[in-house]
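Summary of structural features
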Amino acid sequence: MPSRTRSTGLAVVLLVAALVATLSAASGGATARGAPARGGAAEAAHRDEAAAKPNIIFFLADDMATFHLRHMPNTRRYVFASGARFTNFYANVSLCCPSRVSLLTGKYAHNTGIGGNEFPDGFHGFHVGDESSRTFAVALRRRAGYSTGLLGKYLNEYPFVESSPRNAVPRTYVPPGWLDWAVPIRGQFYGVDYLLNRNGRILRKRGPRDYLGDLLARRALRKIEKNEDRGGLALVLASYGPHMPEPASPKEKGDPALAARIARQVLPRTPDFDEPDISDKPRRIRRLDRLSATHEERIDRIFRRQLFSLASLDRYVGEVVSVLRRTGQLDNTYLVFSSDNGYHMGHHRLPIGKNLPYLTDVRVPMGIRGPGITPGTIVRDVTGTIDVAPTFADMADIRLPWVHDGESVLPLAEGRPAETWRRFFLIQRGAIGDVPGRWAAEPARGEERRAAVLGGGWRGVVSQRWQYVRWGSGEEELYDGATDPYQLDNILAVPAEERTQEQRQALNDGRAALARLTRCAGAAECA
């Protein structure tokens, strides 16, 4: 999809920069107080070009499902209701590291080579495969002069220093493309006693004031306030919540009114929760028992802890919007909110976890607010994690200089219908590492790890209406989202002769799309 251009405004900026440089040279290269001029025409032009760019601020949650969004009033008001909401946005792999790599690079997992969280995947695979040189941060920094920053969670097992010394990096390592780097290297999931790599310096942080989420949010607010050029800031605020152990700020934990509201909450009992009849599901899922009352209570307790965690993230969204408005930058800023993957909690009798093909796991919230986007816009086209990096490049009026699988969704958000757009998006199971003696890449409950490998490998495709999945066992599933939004009735459990012509066509289309997308490379092939 062609990138938008802002050639007229940019030409004016460059002309002014050249004129300033000429006048400076004519005056002997001195500033008003006689100090040496700090840069020539090229530097001034590059700086002013960055100033003409809009800000890009990306809020990235961890293990947040679509059903969590209703509990985040600031996020719904200031991002989703004030811009475009994507109703069919999917994670290629419903697992932290592979999904984040797709977000960074614009590629499906089979093209990044990162299928899991742990060695030989995780940060190790990303680093040795040189994918770190092909991220939107590198493109925005080098091709558009953006001031880039990542504050929070990066990739699992960063920095990789244990299992492969030949490919290890020091704890002070900062990947290419990031001008400001504040990423924890130990203790990060709890946020109260941790080591932080801040631009190559390792800092020990502990105590309530240094709660990780609050510290990173304050850093983000300072960066926005100091954004003197009023543009050219690309900032990722990557939360560790609501991932287990559901970290939350002492501010939220100490709020009695919030505690009273959350105490009344239970996970919504949608039709797929503790699904009564799973005879249509694959064999290993059919073995699952109904949830006990004790198990349901435990799910509700975890859900309430997630709400505390999300309340902190929701507060950060509100604080960022407030500072942008106060500094006059809000109208020139894209605010993007999403999650790396979804999460199931008793749905289809699955206890707690991710990495399965159902909508709870693979469909994630996505909203974009910014210049040219009409509030209340709904985008129903099939989009996903591979589209984020191309979208950020489009916002900066550049192209990604490497082969990537996704496309910019900015025209869709702006209400400009695409000439062509993909019908299907590839979803697949992430790899689960099992290296004896290795420390866990991230905390996970035993039931989550068991659920992640339930049924073995699988791959599938989703469209606006249909979802097709093929398991490693050869079993297949097909769901019609128009008539069965909770995926209760696998169409392929019905004898072939009883299926409608429309259902038979959907099955053929799904099988063909899966065969094609499993091998695709580049936006044209992956469309």
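Here, the structure is the one placed above.
Residues numbered from 1 in each chain as written. Predicted model: local features only at pLDDT ≥ 70, side-chain atom pairs only at ≥ 80, totals over all residues. Heavy atoms only, no water.

Once that is clear, we can look at the pattern of salt bridges. Using the criterion set out here, one finds 28 salt bridges in the structure. Across the salt bridge formed by Asp340 and Arg100, the nearest N and O atoms sit 3.1 Å from each other. Within this pair, whereas Asp340 is found in the loop between β9 (333-339) and β10 (344-345), its partner Arg100 is found in helix α4 (residues 96-105), the two being separated by 240 residues in sequence. Across the pair Asp387 and Arg422 runs a salt bridge, and its minimum N-O distance is 2.7 Å. Separated by 35 residues along the polypeptide, Asp387 in the loop between β14 (383-384) and α14 (388-395) and Arg422 in the loop between α15 (410-413) and β15 (425-428) bring together distant segments of the chain. Note on accessibility: Asp387 and Arg422 belong to one class, buried. Three or more residues joined by partner-sharing salt bridges are found here, namely Asp62, Arg100, Lys153 and Asp340. (Salt bridge = Lys/Arg side-chain N within 4 Å of Asp/Glu carboxyl O. Helix = DSSP H or I, 4+ residues; strand = E, 2+ residues; numbered from the N terminus. Buried < 20%, exposed > 50% of the residue type's maximum accessible area, 1.4 Å probe, protein only.)

Our next topic: the nonpolar core. Core analysis: the largest hydrophobic core is formed by 55 residues, its most contacted members being Phe86, Leu140, Tyr154, Ile368 and Phe392. Ranked by size, the runner-up nonpolar core spans 37 residues in total, among them Leu69, Tyr194, Leu310 and Val321. (Core = buried A, V, L, I, M, F, W, Y, C linked by side-chain atoms within 4.5 Å.)

This brings us to the packing of helix α8 (residues 212-225) against helix α12 (residues 293-326). Remark: α8 packs on α12, axes separated minimally by 10 Å, with the N-to-C direction vectors making an angle of 15°. As far as their axial angle goes, α12 and α8 are roughly parallel. For the element pair α8 and α12, the recorded crossing hand is right-handed. Between α8, through Gly213, Asp214, Ala217, Leu221, Ile224 and Glu225, and α12, the contact on the second element is made entirely by Arg315, Tyr316, Glu319, Val320, Val323, Leu324 and Arg326. For the contact of α8 with α12, the per-class residue count stands at 7 nonpolar, 1 polar and 5 charged. (Axes fitted to C-alpha atoms, helices over the stretch in contact; angles between N-to-C directions. Parallel < 35°, antiparallel > 145°, perpendicular 65-115°, else oblique. Left-handed = near helix turned anticlockwise from the far one by under 90°. Contact = heavy atoms within 4.5 Å. Nonpolar A, V, L, I, M, F, W, Y, C, P; charged D, E, K, R; others polar.)

What the 4 strands build is an open sheet, ordered β15-β16-β17-β18; its pairing is antiparallel. Only two strands of the sheet have a single neighbouring strand rather than two, namely β15 and β18 (476-480). Taking the axes of each pair of neighbouring strands and ignoring which way they run, one obtains an average angle of 15° across the sheet. Bridge count for β15 against strand β16 (residues 458-462) is 4 bridges, and the pairing is antiparallel. (Pairing = 2+ DSSP bridges.)

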